[in-house]
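Okay, here's what each chain looks like letter by letter:
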Amino acid sequence: MTWFKLAFRNVFRQKKRSFLLASAIAFGMLSITLLNALTGAMATAVKTNFSTAIGGHVYITGEVISPRGYSTSLIDQTATLDQVIRSLPVPIMQVKPRSNAQVQLVNGSAVTRTRVSGIKLENEPTSFTKLRVMQGDMRALQQPGNIAIPLNRAKDLNVRLGDKVLVKGATNTGQQNLLEWTIVALFADQSSFGRSNSYASIVTVNNLLNIPADQYQQVNLVLQDLNHMATATAELNLALTREASIKPQDDDGLVGPMRRMMGSNRTLVENPWQGTQFEVTNLDDVTENVMAIVRGLDWVAKLIFVIMLVITLVGISNSYRMVLLERVAEIGNMRAMGAQANNVFRLFIYEAVILGMIGIALGLILALAGVATIESLNFADSRGPARMFTVAGHLPLMISMGSVLVSSALIMVMAMLAAYFPARGAARLDPAEALRSAT
Amino acid sequence: MSLIDFQHVHKNYPLGKTIVHALQGVSFQVQEGDFVTISGPSGSGKSTILNMVGCIDTPSAGEVIIQDTHTSTLSDRQITELRHRTLGFIFQNFNLIPVLSVYENIEFPLLLGDSRNDPFKQWPEQEKCDWINYLIAQVGLEDYAQRRPAELSGGQRQRVAIARALATKPSIVLADEPTANLDSVTGDQIIQLMREMNQTLGTTFVFSTHDPQVLDVADHVIKIRDGMIEDNYRLSERI
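Fair warning: this is a prediction, and the values are worked out from it, not measured in the lab.

Considerations on the overall build of chain B
- Across its full length, chain B holds 7 helices and 10 strands.
- Taken over the C-alpha trace, chain B has a radius of gyration of 18 Å; the compact-globule value for 239 residues is 18 Å, and the two agree within 12%.
- Over its C-alpha atoms, taken along the principal directions, chain B stretches across nearly 50 × 45 × 40 Å.
- Split into buried and exposed, the 239 residues of chain B put 54% on the buried side.
- A separation threshold of at least 6 residues defines the contact pool for chain B, and within that pool the share at least 24 residues apart is 70%.

Listed below in structure tokens is the structure:
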């Protein structure tokens, strides 16, 4: 028989009351675990979706000055960049040179706009593994003049596999260009935004942009570990500052890849430079605004958790005051028999710890069940920005061991704090008074 | 040398705006191994005397000396240790811990106190177990060792309380009206049991009662009225 065992039996003395207190703790644990999992899932989904849409984790873009004094999106110091990338101290899984063009696809009177990513298939063999190719073969993109488009675009244009479409776009220096390309693959539009890119080989896109076949507009790096993103960005900035030049910070609020997506890739330059002016950004820069919303939600969740903790703390504290009144004679008896004040104090604290442990375990079980249920829901058919928070139609919920440990520790401290004052009151009871009140 | 020495003890309680003089200069001595009864009507000060002997209350004036120790000089911690090692308690409401079995209730006093200098923590487990089983056998509850207090009759509960009071092998057992909540037959059995324990183990028993018939079994009778000693004699002296 130990004090802990006695505390354990005391917890089950008033089963209904203990169940209600444990339920209040369990509800707190359930809420914070689910909210943490949800905000974590949103952050993961946002990063995954942006990473898929842009095609990497670290983005190097370049600008050169055209003969007419405009900045245009192009990396012409490719050898320098290759050397800098090779000397990076972090493991890189893929190096993806890309050229992108905003184009109109035309078939008779049908017109649709799309962004064509020009890729080097041999550099990114896994890029299309997650793409649901409905018709055709993505490998055919290696041939110049071929294009793969989303199935919904094909329906808009009323074209089928093997048909030719007119491609209307602008060259890198702003002249209009018109080419004819063949549709070699149709794939399902799986993007969270409902606007998947179209794909062609980098040579095909460069031909449209009228830039040399061995040059490109940007390089996306896929890192082995996302935690290396900041290091890779810093190292690239340092190396490119040393070996070439880096674009100074401007105040348009748009980072490189985003600026090109918004079409603002040609501006008149007041202070010209030589060669390529590089800009290095990463996934964190691109997702900064969305992540700020996710972080805001996370803080709201934490605030709700703290409020719930305080309410539960008051509830537990009041319950223990009642327990103290009920057990005055018992405490007096223990003190008379020789229990030191700290024995009585510890008994109450142990009871709170046991109650906290039961509540945490119950809350965690419910949270696991909740996560499994939410994960099984499919949002693939839903539209709108909410889809940004799903990956392949599902919320990628994951319970983090770290946050569970922190929440559990907080709840345990709260439970002990709630029992602290009643426990101190019990320990300070005068045995004579306590025994007198019992008779 | 006396086991208990009460010297001119006064106890005053505030009750609203008035002061109640519960004890007014009470003095007596108790010898080791005595079976002592403190008798008197309700409100005469019996429980107050037992609380003073039990060191769970302090006198307003005077001195209470237990085993040559002046209790007024002790800190709360030392007084608690003195209670733990020297005294056992039996209450009229039994005051058993409801979530513990008979065995565990008797074992409970052995768990109390500081681990650093607590003699009961040094007991070998088997010796402790044998001692508890011996006490259970002495109070006749062998078949009830694993029962909880709610499953016992009033008399059985008081037997458990007696065994519990003896668990730490105290020099003195104090019983505050131990038969008050029992019928007369069971009450007589409890007094008889306490007397047997007193004779078998040599433990000094001090108990309060307002039942005049109980006086015949005591070695030493202290009669009290209105907080003062009315009579104080050893039975052998009267005979």
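Here's the deal with the pattern of salt bridges
- Enumeration according to the criterion identifies 16 salt bridges over all chains in this entry.
- The residue Glu-243 of chain A makes a salt bridge to Arg-242 of chain A at a minimum N-O spacing of 3.9 Å.
- Judged by relative accessible area, Arg-242 of chain A falls into the exposed class, the value being 63%.
- Of the charged contacts, one joins Lys-11 of chain B and Asp-57 of chain B as a salt bridge, the two residues approaching to 3.3 Å between their closest N and O atoms. Pair noted here: Lys-11 of chain B is in strand S1 (residues 4–15) and Asp-57 of chain B is in the loop between helix H1 (46–53) and strand S4 (61–66), with a separation of 46 residues, a long-range link.

Some details on the domain arrangement of chain A
- Looking at the assigned domains, one finds that chain A contains domain 1 (3–50 + 289–438) and domain 2 (56–283).
- Look at where the C-alpha atoms of domain 1 of chain A and domain 2 of chain A centre, and you get two points 50 Å apart.

What about the interface of chain B and chain A?
- Facing the 29 residues of chain B at the interface are 26 residues of chain A.
- Taken together, the two surfaces of chain B and chain A that pack against each other cover about 2400 Å², and 57% of this comes from carbon and sulfur.
- Three residues, Ile-56, Val-99 and Leu-112 of chain B, lead the burial of chain B against chain A; their summed loss comes to 20% of the area buried on that side.
- Along the contact surface separating chain B from chain A lie 2 salt bridges.
- Between Arg-335 of chain A and Asp-76 of chain B there is a salt bridge, and its shortest N-O distance comes to 3.4 Å.
- Linking chain B with chain A are 7 residue pairs in polar contact (both at pLDDT 80 or more).
- Put simply, the parts of the chain that give the side of chain B that touches chain A at least two residues each are helix H2 (76–86) and helix H3 (102–111) of chain B.
- In terms of residues, the side of chain B that touches chain A owes the most to one element, H2 of chain B, which gives 6 residues.

Parameters at a glance
Residues numbered from 1 in each chain as written. Chains lettered and ligands numbered in written order. Predicted model: local features only at pLDDT ≥ 70, side-chain atom pairs only at ≥ 80, totals over all residues. Heavy atoms only, no water. Helix = DSSP H or I, 4+ residues; strand = E, 2+ residues; numbered from the N terminus. Rg over C-alpha atoms; globule rule 2.2 N^0.38 Å. Buried < 20%, exposed > 50% of the residue type's maximum accessible area, 1.4 Å probe, protein only. Contact = heavy atoms within 4.5 Å. Salt bridge = Lys/Arg side-chain N within 4 Å of Asp/Glu carboxyl O. Domains from an automatic or database assignment. Buried area = accessible area lost by both parts, 1.4 Å probe. Polar contact = N/O pair within 3.5 Å; in protein donor to acceptor, adjacent residues only side chain to side chain.

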